[in-house]
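Chain residues, written in single-letter form:
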Amino acid sequence: MFAAMFRSGGGGSGSVSSSGSGRGSGGGASTGIRERPSPSAALNDVLSRAESVEDVLAMVEQHHATFKYSNVSTAVSRVAKLAKRERGRSRGTSPSPLASDERYVRLMQLVEEKLWSFKARNVANAIHGLATLQADCGVPVEGHIIEQLNEVVEAVAPDMNAQEVANTLNAFSKLDSSAAAAAAAE
């Protein structure tokens, strides 16, 4: 599906208007050419429209070699949102099988590989997604990943906007709460 999007021009993306009138967004002459989104942007679009955890993990499996840092944070965020929704539907309280899924494990490897490339928004989204997975879906997050993300947060904090700061603080709060609950259960 993803590769076909590039061959076909993405269903309109990157198309050239034969009339020459273009689809410009303002005054002035338009060339009639719309820029084709980068492969990373196109992948993020597909990831953000995924309707199930399975869809996202299938994209990880198929395209992990081409994932950029933005794709990794989008995938983590989307998996978290969808896993929470799917868990709510099933009203399940049993541990999630997600942590043992080899595609999810690969996604966590990608987090480790790309985290030092994360920009403020990416790290905020990734840490929030991981906190949601651990606190709301019962998917444990390895401590060393959280520690490394914490270091990245410290590095990009000056570039964070208010929403990114709020998401990050909320994520660390969720992680602390779920870690305390796990320790109390032992």
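First, a word on what this report is: a plain description of the structure on this page. (Residues numbered from 1 in each chain as written. Predicted model: local features only at pLDDT ≥ 70, side-chain atom pairs only at ≥ 80, totals over all residues. Heavy atoms only, no water.)

Structural notes on helix 6 (residues 120–137)
Along its 18 residues, helix 6 runs 25 Å from first to last C-alpha, staying within 8% of the 26 Å computed at 1.5 Å per residue. Extensive coverage of helix 6 is indicated by the burial of 13 of its 18 residues. Two residues or fewer past helix 6, Gly 138 is found with a positive phi of approximately 70°. (Helix = DSSP H or I, 4+ residues; strand = E, 2+ residues; numbered from the N terminus. Expected span 1.5 Å × (residues − 1). Buried < 20%, exposed > 50% of the residue type's maximum accessible area, 1.4 Å probe, protein only.)

Some remarks on the pattern of salt bridges
For the structure on display, the rule yields six salt bridges. In this structure, the salt-bridge partner of Asp 136 is Lys 84, at a minimum N-O distance of 3.4 Å. On the criterion of sequence distance, the pair formed by Asp 136 in helix 6 and Lys 84 in helix 4 (residues 69–90) is long-range, its members being 52 residues apart. Between Lys 174 and Asp 136 there is a salt bridge; the shortest N-O distance is 3.1 Å. With a gap of 38 residues between them, Lys 174 in helix 8 (residues 162–185) and Asp 136 in helix 6 connect regions that are remote in the sequence. Using a relative accessible area of 17% as the deciding quantity, one classes Lys 174 as buried. The class for Asp 136 is partly exposed, based on a relative accessible area of 28%. (Salt bridge = Lys/Arg side-chain N within 4 Å of Asp/Glu carboxyl O.)

Quick notes on the nonpolar core
Across soluble globular proteins, nonpolar side chains have a tendency to be buried as a group. Ranked by size, the top nonpolar core spans 46 residues in total, and within it Leu 130, Leu 133 and Leu 149 carry the most contacts. Elements represented by at least two residues in this core include exactly helix 2 (39–48), helix 3 (53–63), helix 4, helix 5 (102–114), helix 6, helix 7 (143–156) and helix 8. Broken down by element, the residue count for this core peaks at nine residues, all from helix 6. The residues contacting Leu 130, other than those within four sequence positions of it, are Val 76, Tyr 104, Met 108, Val 141, Ile 145, Leu 149 and Leu 175. (Core = buried A, V, L, I, M, F, W, Y, C linked by side-chain atoms within 4.5 Å. Contact = heavy atoms within 4.5 Å.)

Let's talk about the packing of helix 3 against helix 5
Where helix 3 contacts helix 5, the two axes come as close as 9 Å, and the packing angle between them is 65°. You can see that helix 3 and helix 5 cross each other, and the crossing is left-handed. Touching Glu 54, Leu 57, Ala 58, Val 60 and Glu 61 of helix 3 are Arg 103, Tyr 104, Arg 106, Leu 107 and Leu 110, all from helix 5. Split by residue class, the contact of helix 3 with helix 5 holds six nonpolar, no polar and four charged. (Axes fitted to C-alpha atoms, helices over the stretch in contact; angles between N-to-C directions. Left-handed = near helix turned anticlockwise from the far one by under 90°. Nonpolar A, V, L, I, M, F, W, Y, C, P; charged D, E, K, R; others polar.)

What about the side chain of Arg 78?
Of note, Arg 78 is situated in helix 4. Here Arg 78 sits buried without a salt bridge, and the closest side chain of opposite charge, Glu 51, lies 7.2 Å off (N-O distance). In contact with Arg 78, other than residues within four places in its own chain, are Leu 47, Ser 48, Arg 49, Ala 50 and Val 56. (Lys, Arg positive; Asp, Glu negative; His and termini not counted.)

Considerations on the environment of Pro 39
By the element assignment, Pro 39 lies in helix 2. Using a relative accessible area of 52% as the deciding quantity, one classes Pro 39 as exposed. For the pair Pro 39 and Lys 68, spaced 29 residues apart in sequence, the C-alpha to C-alpha distance is 9.4 Å.

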